[in-house]
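Summary of the model geometry
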Amino acid sequence: MSLTVVGLNHKTAPIEIREKLAFGSKEAIKEALRELIQKENIAEAVILSTCNRVEIYVYSNLSSDKENRETKSIEELIKEFISKFHKIEKSSFENYLYVYKDRQAVEHLFKVTSSLDSMIVGEPQITGQVKESYEIALSERATSLILNHLMNRALFTAKRVRNETRISENPVSVSYAAVGLIRKVFDDLSKKSILLVGAGEMAELALRHLIGNGVKSVYITNRTFERAKELAKEFNGVAVPFENLKENLIKTDIVLCSTAAPNYVITENMLKEVMYLRKYKPIFLIDISVPRNIDPSCNNLDNVYLYNIDDLQAVVDSNILERKKEAERAMIIIKEETEKFFQWINSLESVPVIVSIRNKAEQIRQEELEKFKSKFRDLSPEVLNSIDYLTQSIINKIMHYPTVALKNNCESKEILIYSARRLFGIDNEEE
Amino acid sequence: MGTIFFELALTLYFAGFILSIVGIIRKKNDLDKAVFFLSLIGFILHTVYLIIRYIKSGQAPVFSMHEANSYFAWSILLVSFLISFSYKVKVLNFGIILSFLIMFIGAFFPRGIPSLKPEIKSFWIDIHAVMAIFGIALFSLAFVFSSLYLIQEKAIKSKKFRGFESILPNLEILDKINYHLIFWGFPLYTIALVVGFIKYVSLVGFMFDPKEIWSFLTWIVYLSIYYLRVKEDWRKKKAAYLTILAFLLVIFGFFGINLLTESFHKPL
């Protein structure tokens, strides 16, 4: 048997190459799968195509003696297929590809599915994308015993990694980090109000996240009131005049500040007064303007939490570092699961199965003979001998065809072995 | 004497304690379910133990050092369950840690049923002790949650996160829990003090006992926290600091005074 993955990702290939090799739609993937599995030597296939990677997983059931001579050609086969399918020269993309075989291929798939190979380590989307790719392959009947088991183990591994490490716990984008921090201070965001001072892409993004997290009352202020009104309409909020900034600070819990002002719009003295008037109810201020619009010394006031763009970036950086550390722990899980997968693969070898089945048959025969002997005690040794001979030859006759079939190197040998294990209840016994 | 129930509860609490410590070190919440079930089964056995003792002695099982610690630990765990459910926060691990430690101390004291002097033994003295210790249990948890509040607050304010904060609830919840613990603990403690004082006066007349003076001091501190918290403009951080201070007074009253002085509360 042999498993092969041929692919490229954001680390090995620039976007220009990735987009050329991408399988843009579900239909394209289905078509490609149909073509792939028609090829001789390719038994099962799965195609994973996302904006950051294109990977083709193939299982080939070449017998082991042919393997050494021909596996090279499986990899070539896939490359040629890519070239033909996307109608581009093989030489133009060949250098960007990576090829992994067997153990490495399994480990690679587990890493990809667990989001260890992602651009943003720990982002959860990739697991869903792998699942979807597998479902497409299933619907095209492009997978069978081996890849079915492999894909299920990959998804299981990803689940383990997510549950047992903290890999996707802390946010690694600035606007998510801001929301995460706000949630550390406030409980139920739907009861909190937010004030957007000024406008800007990042402020709007953070505002969107906060609204997505349940914030309902939104106030928007801007030096040009018209602009405030526009934004208020967009976010279903209330436009308030810029001159009333202080009054509005008294009644809001979260402030997103992003104006083009060259100086501090919110000073420490101003906020001191505000805090007194709001009875020291906690307030969270985010200043994403450069130059800064909120006096950094405001953070010294009790129950005031002020973060500027650098603070948020620092949180993001340390979270990324944390994820990298967690990735090392995730690798242990992946190695473990890879090992388990190969244990399963090894159980699909024919000789041990034949031995197990024969042992089992012999065991049954002996047990039944004993029962028989204890029932009919007065039989002569000659009769007993012939009964022994008779049962043995029955078993040999019955076992003949399964043994021959299992020994034969036919095309779907693994399936046959797997079925034999189930039919004769070998694994049940081991459990 | 049903001591087996105590041993079993202590063992289960110990298991919960270990898992909680492991969870805190790993900065993960994933052992919480196991902690919950261990604590719950331990708590049920513990409850059985308290009931058996009550039935056997006809007095609240709170008078010897062993009994007081055991009931103290029980109260803390009960309140931790209530907090976990009513605020839907994962804080049982902190409750079981505290509970186990107190229970563990209790295991070292003699377990016989203390014989109260007949003139003391009464319904009111039961009420006094049960309420006082329950109040102190609430204060102890207020101490824990105030500390957690300060840890979380400091991390957010200083912008330095070490990962431990991620298993803590948010500041608003922590503050609310603190508020409610004092809100319920203070009246209980007050009633306990009043009942105890009346009983004491009726027995020996106006005289001052060190425990009484200490309890009164503690009561004054909690009164100020209570007042300042009910009056909303009190800053949360300072309330947390004061709660920690008050607890240190209480715990000295609970262990120190009882053991060091020749007081009426000298353990039985």
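Residues numbered from 1 in each chain as written. Chains lettered and ligands numbered in written order. Predicted model: local features only at pLDDT ≥ 70, side-chain atom pairs only at ≥ 80, totals over all residues. Heavy atoms only, no water.

1. Concerning the overall build of chain B
Looking only at helices and strands, chain B features 8 helices and 0 strands. Along chain B, from the amino end to the carboxyl end, the secondary structure elements read α-α-α-α-α-α-α-α. Scaling as 2.2 N^0.38, a compact globule of 268 residues should have a C-alpha radius of gyration of about 18 Å, and chain B matches this with 19 Å. Expressed along its principal axes, the backbone C-alpha trace of chain B runs to roughly 60 × 45 × 30 Å. Out of the 268 residues in chain B, the part that is buried amounts to 54%. The contacts in chain B between residues at least 6 apart in sequence include a share of 79% that link residues at least 24 apart. On chain B, roughly 12,100 Å² of surface is accessible, and the fraction owed to carbon and sulfur atoms is 75%. Positive and negative side-chain charges of chain B, numbering 26 and 15 respectively, have mean locations separated by a distance of 7 Å. (Helix = DSSP H or I, 4+ residues; strand = E, 2+ residues; numbered from the N terminus. Rg over C-alpha atoms; globule rule 2.2 N^0.38 Å. Buried < 20%, exposed > 50% of the residue type's maximum accessible area, 1.4 Å probe, protein only. Contact = heavy atoms within 4.5 Å. Areas by Shrake-Rupley, 256 points an atom, 1.4 Å probe, with all protein chains shown as cover. Lys, Arg positive; Asp, Glu negative; His and termini not counted. Charge placed at Lys NZ, Arg CZ, Asp CG, Glu CD.)

2. Regarding the sheet that holds strand E9 (residues 283–287) of chain A
Spatially, E7-E6-E5-E8-E9-E10 (chain A) is the arrangement adopted by the 6 strands of the open sheet, whose pairing is parallel. The sheet is open, and its two edges are formed by strand E7 (238–239) and strand E10 (304–308) of chain A, each paired on a single side. Pairing of E9 of chain A with E10 of chain A involves 5 bridges; the strand directions are parallel. Considered in E10 of chain A, the bridge of Asp287 of chain A is made with Asn308 of chain A. Strand contacts of helix H5 (residues 123–158) of chain B: E9 and E10 of chain A, with the helix running at about 35 degrees to E10 of chain A, the strand carrying the most contacts. (Pairing = 2+ DSSP bridges. Axes fitted to C-alpha atoms, helices over the stretch in contact; angles between N-to-C directions.)

3. Topic: the environment of Ile177 of chain B
All names here are of chain B. The topology assignment puts Ile177 in helix H6 (residues 171–204). Between the alpha carbons of Ile177 and Ile105 there is a distance of 27 Å; along the sequence they are 72 residues apart. If we skip the residues at most four places from it in the chain, Ile177 touches Ile83, Tyr87, Val89 and Phe145.

4. Re the state of the cysteines
Under the defined criterion, the tally for this structure stands at 0 disulfides over all chains. Of all cysteine sulfurs in the structure, the one in Cys257 of chain A sits closest to Cys298 of chain A, which takes part in no disulfide; the separation is 10 Å. (Disulfide = S-S within 2.5 Å.)

5. Side note on helix H4 (residues 92–106) of chain B
Since the α-helix turns once every 3.6 residues, residues separated by three or four places project in the same direction. Residues and elements named next belong to chain B. A rise of 1.5 Å per residue sets the reference length of H4, with its 15 residues, at 21 Å; its end C-alpha atoms lie 21 Å apart and thus fit the reference within 8%. Counting buried positions along H4 yields 12 of 15 residues, so the element is predominantly enclosed. Among all positions in H4, only Leu92, Asn93, Phe94, Gly95, Ile96, Ile97, Leu98, Ser99, Phe100, Ile102, Met103 and Gly106 are buried. Those residues of H4 hidden inside the fold are in contact with helix H1 (3–26), helix H2 (32–57), helix H3 (65–87) and H5. (Expected span 1.5 Å × (residues − 1).)

6. Section: the interface of chain A and chain B
Counting from both sides, the interface comprises 30 residues of chain A and, opposite them, 25 residues of chain B. Interface area, chain A with chain B, both sides summed: about 2,300 Å², of which 46% is carbon and sulfur. Across the chain A-chain B interface, the total number found is 3 salt bridges. One salt bridge connects Asp302 of chain A with Lys237 of chain B, and the closest N-O pair in it is separated by 3.7 Å. At the boundary of chain A with chain B, the tally comes to 15 residue pairs in polar contact (both at pLDDT 80 or more). Secondary-structure elements contributing two or more residues to the side of chain A that touches chain B are helix H7 (145–164), helix H8 (174–185), E10 and helix H13 (309–346) of chain A. When the residues that make up the side of chain A that touches chain B are grouped by side-chain class, the tally is 12 nonpolar, 5 polar and 13 charged. (Buried area = accessible area lost by both parts, 1.4 Å probe. Salt bridge = Lys/Arg side-chain N within 4 Å of Asp/Glu carboxyl O. Polar contact = N/O pair within 3.5 Å; in protein donor to acceptor, adjacent residues only side chain to side chain. Nonpolar A, V, L, I, M, F, W, Y, C, P; charged D, E, K, R; others polar.)

7. Some words on the domain arrangement of chain B
Residues and elements named next belong to chain B. What the domain assignment lists for chain B is domain 1 (1–111) and domain 2 (119–268). Computed from C-alpha atoms alone, the centre-to-centre distance between domain 1 and domain 2 is 19 Å. Taken residue by residue, the interface counts 30 residues in domain 1 and 33 residues in domain 2. Both sides of the domain 1 and domain 2 interface together cover about 2,700 Å² of buried area, and 80% of this is carbon and sulfur. There are 0 salt bridges connecting domain 1 and domain 2. There are 3 residue pairs in polar contact (both at pLDDT 80 or more) connecting domain 1 and domain 2. Where the side of domain 1 that touches domain 2 is concerned, the elements lending two or more residues are H3 and H4. Counting residues per element, the side of domain 1 that touches domain 2 draws most heavily on H3, at 12 residues. Looking at side-chain class alone, the side of domain 1 that touches domain 2 contains 18 nonpolar, 9 polar and 3 charged residues. (Domains from an automatic or database assignment.)

8. What about the side chain of Ser258 of chain A?
Tracing the backbone through its elements, the reader meets Ser258 of chain A in strand E8 (residues 254–258). Within the structure, Ser258 of chain A has its side chain in polar contact with the backbone oxygen of Ala199 of chain A (distance 3.0 Å).

9. Some words on the domain arrangement of chain A
Residues and elements named next belong to chain A. As far as domains go, chain A holds domain 1 (2–164), domain 2 (174–316) and domain 3 (350–430). When each unit is reduced to the centre of its C-alpha atoms, the spacing between domain 1 and domain 3 is 41 Å. Taken together, the contact pairs 5 residues of domain 1 with 4 residues of domain 3. Each partner contributes to the roughly 430 Å² buried at the junction of domain 1 and domain 3, and carbon and sulfur atoms together form 62% of this total. If you look at where domain 1 meets domain 3, you find 0 residue pairs in polar contact (both at pLDDT 80 or more). Considered class by class, the residues forming the side of domain 1 that touches domain 3 number 3 nonpolar, 2 polar and no charged.

10. Focus on the confidence of the model for chain A
On average, residues of chain A carry a pLDDT of 87, and 96% of them reach 70 or more. The element-level mean pLDDT for chain A is lowest in helix H17 (residues 426–430) of chain A, coming to 63, with helix H5 (residues 102–113) of chain A highest at 94. (pLDDT = per-residue confidence, 0-100.)

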